[in-house]
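Results of the structural survey
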Amino acid sequence: MEVTVAGDEGSIRLDRVLAVRRPELSRSRLKALILAGSVTMGSAPIRDPAYHVTVGDTITIDVPEAVAAEPAGEDIALDIVYEDDDIIVIDKPKGLVVHPAAGHETGTLVNALIAHCGASLSGIGGVKRPGIVHRLDKDTTGLMVVAKNDRAHQSLTEQFADHGRTGAMRRGYMAFIWGVPNRQSGTIDAPIDRHPHAREKMAVRDSGREAVTHWEIQESFGGRSGKPVAALLACQLETGRTHQIRVHLAHIGHPLMGDSVYGPHFKTKSSHLGAKSQAALAALDRQALHAYLLVLEHPQTGEILHWESPLPKDLLLLKSALRATQ
């Protein structure tokens, strides 16, 4: 930050000038920055808060980025599918945020993992993301693997970057979508980047990074009229972009059921469902997406490990209700 002393500010204390001109910094914060040598004029630090400035002086404040506080362990129950000295695989429930962020500083998967794994948890992913090599959205359920040491973290990071192109890695999802595609299977190859206007969203954009999703219809569902209204897809990722499946399926006109971010305009389609299906969808209150399959090479032994997770109760209820309207 730069501050140039104006005509009515000459011959007064440095800390007072800065407090007026940079009100977002507290007096105590400014004093600490001055004493630390982070406030300079030219190339020379000014370490005296009472230093008297003169008109025309240009003062530079070097404000370092805040260091993220290390998350604390919390006693949060985990559905552990597999665990050894190198990795832990969990079946994530809906509503669980993976790592601390603005608005979710506590109660996250990371907080639970720190309590469960203790000092062994890998720190390569950063202070707030120890051991995390991939993530699931807050309301997406299913399988996640976490590294428990640096060696495992490095191996898993490489496997996720490769996404099965040359190795064993496979990630599969079950997705309930609006409408039924006009063919049995397909591939969506469309780059993904930040949405140009809504920064919390992603979008298919030419400027984006490569994103490839393979899909296959598992089952289709008719509505009240008997016409197809929804389908269950099995999707596999060849890349791992943020919100990839949600963005890709919305892009081809078949957004996830219950997705208020990428498919809000499809909400009226629920009127085509039977009463039980409408109730099940309303009770779902999330995007209908579940990470059911995870295959990877163990980072220590090289063994190919395979896990599958059944649909959680809310998606089973939705599936049963959709079948009942046929």
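Residues numbered from 1 in each chain as written. Predicted model: local features only at pLDDT ≥ 70, side-chain atom pairs only at ≥ 80, totals over all residues. Heavy atoms only, no water.

1. Focus: the layout of surface pockets
Put simply, the largest pocket is a space of about 1,000 Å³. Along its surface, the largest pocket is lined by 39 residues, and Asp137, Asp139, Arg246, Val261 and Gln287 are the ones closest to its centre. Examining the composition of the lining of the largest pocket, we find that three residues originate from one element, helix 6 (residues 275–284), more than from any other. Residues that form the lining of the largest pocket fall into these classes: 15 nonpolar, 12 polar and 12 charged. When its volume is computed, the second largest pocket comes out at roughly 660 Å³. For the lining of the second largest pocket, the elements supplying multiple residues, two or more each, are helix 4 (150–162), strand 8 (170–178), strand 10 (192–194) and helix 5 (244–251). (1 Å grid on protein atoms, 1.4 Å probe; cavity = no way out; pocket = protein on both sides within 12 Å on 5 of 7 lines; lining within 4 Å. Points joined across faces, edges and corners; volume = space filled by probe spheres on them. Helix = DSSP H or I, 4+ residues; strand = E, 2+ residues; numbered from the N terminus. Nonpolar A, V, L, I, M, F, W, Y, C, P; charged D, E, K, R; others polar.)

2. Topic: helix 5
Summarising burial for helix 5: six of the eight residues are buried, a large majority. Residues of helix 5 that are buried include every one of Gln244, Ile245, Arg246, Val247, His248 and Leu249, and no others. Looking at the residues trailing helix 5, positive phi occurs at Gly253, about 85 degrees. (Buried < 20%, exposed > 50% of the residue type's maximum accessible area, 1.4 Å probe, protein only.)

3. A look at the pattern of salt bridges
With the rule as written, the count across this model stands at 12 salt bridges. Where Asp259 meets Arg246, a salt bridge forms, and the shortest distance between an N and an O atom there is 2.8 Å. Here the residue Asp259 occupies a position in the loop between helix 5 and helix 6, and Arg246 occupies one in helix 5, the gap between them amounting to 13 residues. Residue Asp259 is classed as buried on the basis of its relative accessible area of 3%. Given the relative accessible area of 6%, Arg246 is considered buried. (Salt bridge = Lys/Arg side-chain N within 4 Å of Asp/Glu carboxyl O.)

4. Structural notes on empty space enclosed by the protein
One pass over the full model with this rule turns up one cavity of 30 Å³ or more. Looking at the largest cavity, its volume works out to about 40 Å³. Along the walls of the largest cavity sit His134, Leu136, Leu143, Arg171, Gly172, Tyr173, Ala291, Leu293 and Leu294, which together make up its complete lining. Along the lines of polarity and charge, the residues of the lining of the largest cavity split into six nonpolar, two polar and one charged.

5. Re the environment of Ser260
Secondary-structure assignment places Ser260 in the loop between helix 5 and helix 6. For Ser260, a relative accessible area of 61% translates into the label exposed. Sequence separation between Ser260 and Gln287 is 27 residues, and the spatial gap between their C-alpha atoms is 7.4 Å.

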